[in-house]
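Observations on the model geometry
One-letter residues, chain by chain:
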Amino acid sequence: MFQSLADSLDKTFRNLRGVGKISESNISDALREIRLALLEADVEFSVARDFINRIKEKAQGVEVMKSIKPGEQIVKIFHDELAALLGGDNAPLDLNPPARILLCGLNGAGKTTTAAKLAYRLKKEGRRPVLVAIDLYRPAAIEQLATLARQAEVPCYTPTSGETDLVKVAKDALKWAETQDHSVVIFDTAGRQELDENLIVELKKLHAFLAPKETLLVADSAAGQQAVSVATHFNDAVGLTGIILTKLDGDARGGAALSMRAVTGKPIKYIGEGEKIDQLGEFHPVRMADRILGMGDIVGMVEKVADKINEADAMRSAQRMAEGKFDFTDFLDQMKMIQNMGPLEGLLGLLPGFSKIKKQLPSNAFDTKKMKRTEAIVLSMTPDERRRPEIIRGTRRKRIANGSGTNLQEVNALLKQFGQMREMMRSPHKMKNMMKAMSGGAESMGDLGNIMRGFGKK
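None of these values were measured; they are calculated from a predicted model.

A closer look at unusual backbone geometry
A cis geometry characterises the amide bond from Pro 97 onward to Pro 98, with omega recorded as -5 degrees. Within the secondary structure, Pro 98 is located in the loop between α5 (70-86) and β1 (99-104). For Glu 153, which is not glycine, the phi torsion reads 60 degrees and is therefore positive. Relative to the helices and strands, Glu 153 is located in the loop between α7 (139-152) and β3 (156-157). Classification of Glu 153 by relative accessible area gives exposed; the value is 62%. Located in the positive-phi region is Ala 211, a residue other than glycine, with phi close to 45 degrees. Among the structural elements, Ala 211 can be located in the loop between α9 (197-210) and β5 (214-220).

Below you can see the structure in the form of structure tokens.
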């Protein structure tokens, strides 16, 4: 998400930082480029215009123009205004009893999947959610929610087949919820291909009956300009309390996030960055502003990693690395941990400055199929070969290639790369450089790029 915007801004601010003295002309040129970048990212025109005007007013202040590093000052102004535009602070859900959450939106935005993701997240936080399928127009949506509820291990109410009265179903669902040990009820409503009056009328009736604490619009982040119209209509009809943006992993522009928050005044509360049940995260405006400006999101990265890995296993692997005992069995365990964390590109994208080296990496650096082939090679080794890779010679290599469905070239490449990695682990100086690359910001990301570039080769 926001990748095209981030790339455009990176170029603009690099030019601005390189100017020794800032003039009104410099500022105007930079703001013109920023405005074009926002519009290309599908930010609504009036939102982009007002945003640029606020920055211009502050950037032309005396304290900025005469400061030692005016370029840096303008970047900070942009960052602060961007964070404010995105919402300022994170906005938690109101889960005071009776905690009822109504999800609304158009078809295709991901409401049903998001309902299950939200239930799963709340359950992990110690809540006791239940789901209610209240889409009476699409039986498939009801079955989908029931299936996802089983995956999340959360109770789910499904209406009787052929039921058409929305309020009656809601009454029955609330009676059912009383029989469950629950603390929050999540309602998955019907959507349409386009906003129509029937949808709004039905939603108003349901909203009036339920009086939910939270009415959340589930919106596709790739919807662009349409998202602003959708958000406005739903907000006018039922009074939204927040927004959940979906499919952020597939949209490089992200203008919907900036536009909807500005137009409705309602906070973005969650973001979905994948299809898996656990891929729903809290939205943090300041962190997102950091990511857009290439500053990364180390806190977000730590949270993702901590949530996915077994601490004891990670400590054991770290100790074996430190002792120079790392073998292919450890390597296989590390691969499984990485796979559990989701797409590697998304995770590394949270590192400061990663966007600067991404273009230097081979096209298959994040290829999941390549990772599967690597895993197959390791699984084709005997336990003794995994412990002592140095014994893997000619005939053994051929056997491993045949057993893994790969070729001798791939096996040789993996063994060579693994040998280089073990050598690096045994060298305190090289390990220090790698750790510096992982945590030291944009200026040291080249080291990490060299490491990853090696593992992208065939």
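Description of helix α12 (residues 285-292)
Burial runs high along α12: six of the eight residues are buried. Taken together, the buried positions of α12 are occupied by Pro 285, Arg 287, Met 288, Ala 289, Asp 290 and Ile 292.

Considerations on the packing of α9 against helix α10 (residues 225-238)
Contact geometry for α9 and α10: axes closest at 9 Å, N-to-C directions at 40 degrees. Classified by the angle their axes make, α9 and α10 are oblique. Read as a crossing pair, α9 and α10 show a hand that is right-handed. In contact with Leu 199, Ile 200, Leu 203, Lys 204 and His 207 of α9, α10 contributes Phe 234, Ala 237 and Val 238.

As for the packing of aromatic side chains
A full pass over the atoms with the stated rule returns five aromatic pairs. Centroid distance Phe 328 to Phe 331: 5.8 Å. Interplanar angle 85 degrees. Geometry classified as edge-to-face. One end of the pair is Phe 328 and the other is Phe 331, both in helix α15 (residues 328-340) and three residues apart, which spans about a single turn. Assessed through its relative accessible area of 0%, Phe 328 is described here as buried. Where Phe 328 meets Phe 418, the ring centres are 3.9 Å apart and the plane angle is 15 degrees; that geometry is what we call stacked. Remark: Phe 418 occurs in helix α21 (residues 408-425) and Phe 328 occurs in helix α15; sequence separation between them is 90 residues. Clustering of aromatic rings is evident, with ring pairs tying together Phe 328, Phe 331 and Phe 418.

Basis of the calculations
- Residues numbered from 1 in each chain as written.
- Predicted model: local features only at pLDDT ≥ 70, side-chain atom pairs only at ≥ 80, totals over all residues.
- Heavy atoms only, no water.
- Helix = DSSP H or I, 4+ residues; strand = E, 2+ residues; numbered from the N terminus.
- Buried < 20%, exposed > 50% of the residue type's maximum accessible area, 1.4 Å probe, protein only.
- Axes fitted to C-alpha atoms, helices over the stretch in contact; angles between N-to-C directions.
- Parallel < 35°, antiparallel > 145°, perpendicular 65-115°, else oblique.
- Left-handed = near helix turned anticlockwise from the far one by under 90°.
- Contact = heavy atoms within 4.5 Å.
- Phe/Tyr/Trp six-rings, centres within 6.5 Å; stacked < 30°, edge-to-face > 60°.

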